[in-house]
Amino acid sequence: METSGLNFILQAAFWVTVALTVAGASIAVFPRNILYNVLGLALALTGIAGFYLFLGSLFVALMQLLIYVGAICIAIVFAIMLSRPLHMEALPRPRAKVWLGILGSAVFFIGAVSVALKTKWLPAAGHVYNSSQWSVQNIGNALLTRYELVFEVISLVLLVAIIGAVITAGFSRRISS
Amino acid sequence: MSEGLLGSELFRLILGLVIVLAFSQLNALFLVWLERKVSGHIQLRPGPMEVGPHGLLQTIIDGVKLVGKELIMPLKADRKLFFLAPVLVFTPVLVGFLVLPFGPGLIIHDMNVGVLLVFAFSTITVLAILTGGWASNNKYALLGAVRSVAQNVAYEIPLLLAVMSVVLMVHSLSFSQIVASQKTVWFVFIQPLACLIYLIAATAETNRAPFDIPEAESELVAGFHTEYGGMGFGLFFLAEYTNMFIVCAVATSLFFGGWNGPFGISLGIPGVFWFLIKTYFLIFVIMWVRWTFPRVRFDQLMNFSWKVLIPLSLVNLVITAIVVKII
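Starting afresh in each chain, residues are numbered from 1 along the sequence in its written order. Labels are handed out in written order, letters beginning with A for the chains and numbers beginning with 1 for the ligands. Residue-level local features of this predicted model are given only where pLDDT is at least 70; pairs of side-chain atoms are given and counted only at 80 or more, and the full residue set underlies all totals for whole chains, interfaces and linings.

## Describing the overall build of chain B
Part 1: In this description a helix means any DSSP run of H or I spanning at least four residues, a strand means any run of E spanning at least two, and both kinds are numbered starting from the N terminus. Helix and strand counts for chain B come out as 13 helices and zero strands.
Part 2: Start at the N end of chain B and walk to the C end: the helices and strands fall as α-α-α-α-α-α-α-α-α-α-α-α-α.
Part 3: Radius of gyration (C-alpha) of chain B: 20 Å, near the 20 Å computed for a compact globule of 327 residues.
Part 4: The principal-axis extent of the C-alpha atoms belonging to chain B is close to 60 × 50 × 45 Å.
Part 5: In chain B, which comprises 327 residues, the proportion classed as buried is 46%.
Part 6: Sequence separation of at least 24 residues holds for 78% of the intrachain contacts in chain B that already meet a minimum separation of 6. The quantity called the radius of gyration is restricted to C-alpha atoms. Its globule counterpart is 2.2 Å times the number of residues to the power 0.38. Exposure classification rests on a simple neighbour count of other C-beta atoms within 10 Å of a residue's own: a residue reaching 20 or more is buried, one at 12 or fewer is exposed, and one in between is partly exposed. C-beta atoms are placed from the backbone. Distance between backbone-placed C-beta atoms decides contact: two residues are in contact if it is within 7 Å.

Right under this line is the structure:
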């Protein structure tokens, strides 16, 4: 099989994924139509699932799709029900909020870039496709051995969120009745 | 398969996609006819009779009519999203076919996370319905779309938990391994509760009656696709019936032995036919349910999922995990 042709297709696919992710992310931020924002976020998160595919783990990619596109974006849709109707004039964005947003994302960006620069990157070309390194079994084993504390802490966070939601809903219902 | 020009895997994928496209159209044509026949006979009337033997060609005529219709868009609709939605709704449907095990070896791409693939992509359907409902700029469409989102969030959890209990027993997310492990005993006999939960939640996920409140024609005109006509509506319709096939095919492979005959008796019938017979029987049951039960109210729908199905499926999953660990 011609490897150079295949490599070219892979490269092209990678940059298309990058473009889709960046486009999705900017749609998620800039338009004033809230549904565009949600769909843009879904597109960006799908692009990230594509990156996991390039990194050789179909499982993580599908999980990304299932949880972030399927659950998180759908949960954000509930916020649309609380938003102002489209035919009403959109209020100008408060200056302070925009600057705070820029500041927050700048801090995150610098952090992410410095971690990326510090990491020693090894070429992964050999085991992109049939890599057993990130198979379901290995990820499961890693989650329940080396990363067990992290795993448990995350589940604790989710538990707190659920209890908080139940209590908030219960209180507001008691007040209204 | 011989080493072809592009390698057998790519060739297989392309051939599979072509077959899937053809099959999904034929399947939808047949299912629409079947639905009208089933509803007709349940209501003591013959259903379509005029075109072809027993009206078999009726849906083809209807399809031609739909294709020939002008695409009408409401004046204040969101143009881009309005046309994006019917296309988007069809993507997950096509992906789902990639991993369905029609027979031993008759699977387009046997991957070890096949079950996950079907459910990961099925969430896109909800986004498409929401897009369509919102873009129509119509209150009935928006109400239908928002209901669909709430319903899908609620019913996806018991659906996945029911599937998880089967996956726990097989130790695999691959469809062909799940089917292969049901050679003698189908999982419906070992996991009857999970099977029931799966079928109920799947009916809700495909927006079928008695859970068809996103469409609810008696209160919401036609729900999320109120403003769609011609092929826009046609694509939503096609996706709904193809989704029904996928949901039933997944049920067949997870709980009803896939291509295996009952208790290992195959009667000389090839596996593909066993698979199709069981799948179409399940579809028939879903249609039967639709024309037998009235639509549930929204609060009943939500309470049933969050207070009955989710706790039951959680308990089922925990018991399965304990039993699997002990044996």
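## So, the environment of R290 of chain B
Residues and elements named next belong to chain B.
Part 1: Position of R290 relative to the elements: it lies in helix α12 (residues 271-290).
Part 2: Look at R290 and you get partly exposed, because 19 C-beta atoms sit within 10 Å.
Part 3: Measuring from C-alpha to C-alpha, the distance between R290 and F211 comes to 8.8 Å, with 79 residues separating the pair along the chain.
Part 4: Non-local contacts of R290, meaning those with residues more than four positions away in its chain, are made with R208 and A209.

## Observations concerning the interface of chain B and chain A
When the parts of a complex come together, some accessible area is lost, and that lost area is often taken as the interface size.
Part 1: Taken together, the contacts link 19 residues of chain B with 16 residues of chain A.
Part 2: Elements with a contribution of two residues or more to the side of chain B that touches chain A: α5 (114-135) and α6 (139-170) of chain B.
Part 3: With 11 residues, the top contributor of residues to the side of chain B that touches chain A is α5 of chain B.
Part 4: Gly counts as polar in this scheme, as do all residues outside two lists: the nonpolar Ala, Val, Leu, Ile, Met, Phe, Trp, Tyr, Cys and Pro, and the charged Asp, Glu, Lys and Arg. Along the lines of polarity and charge, the residues of the side of chain B that touches chain A split into 15 nonpolar, four polar and no charged.

## Some remarks on unusual backbone geometry
All names here are of chain B.
Part 1: Here the phi dihedral of L44 falls at roughly 60°; this positive angle occurs in a residue that is not glycine.
Part 2: For L44, a count of 6 C-beta atoms within 10 Å gives the class exposed.
Part 3: You will see that H171, though not glycine, has its phi angle at about 65°, which is positive.
Part 4: For H171, the position within the fold is in the loop between α6 and α7 (175-180).

## Regarding the confidence of the model for chain A
Part 1: Overall, the prediction assigns chain A a mean pLDDT of 80, with 84% of residues at 70 or greater.
Part 2: Mean pLDDT values for the elements of chain A range from 80 in helix α5 (residues 136-144) of chain A up to 90 in helix α4 (residues 95-118) of chain A. By definition, pLDDT measures how confident the predictor is in each residue, and it falls between 0 and 100.

## Observations concerning the nonpolar core
Part 1: Counting 110 residues, the largest nonpolar core has L62 of chain A together with Y198, A201 and A251 of chain B as its most contacted members.
Part 2: Those residues in contact with A201 of chain B that sit more than four places away from it in its chain are Y155, P158, L159, A162 and L309 of chain B. For this analysis, nonpolar core means a set of buried Ala, Val, Leu, Ile, Met, Phe, Trp, Tyr and Cys residues linked through C-beta atoms within 7 Å.

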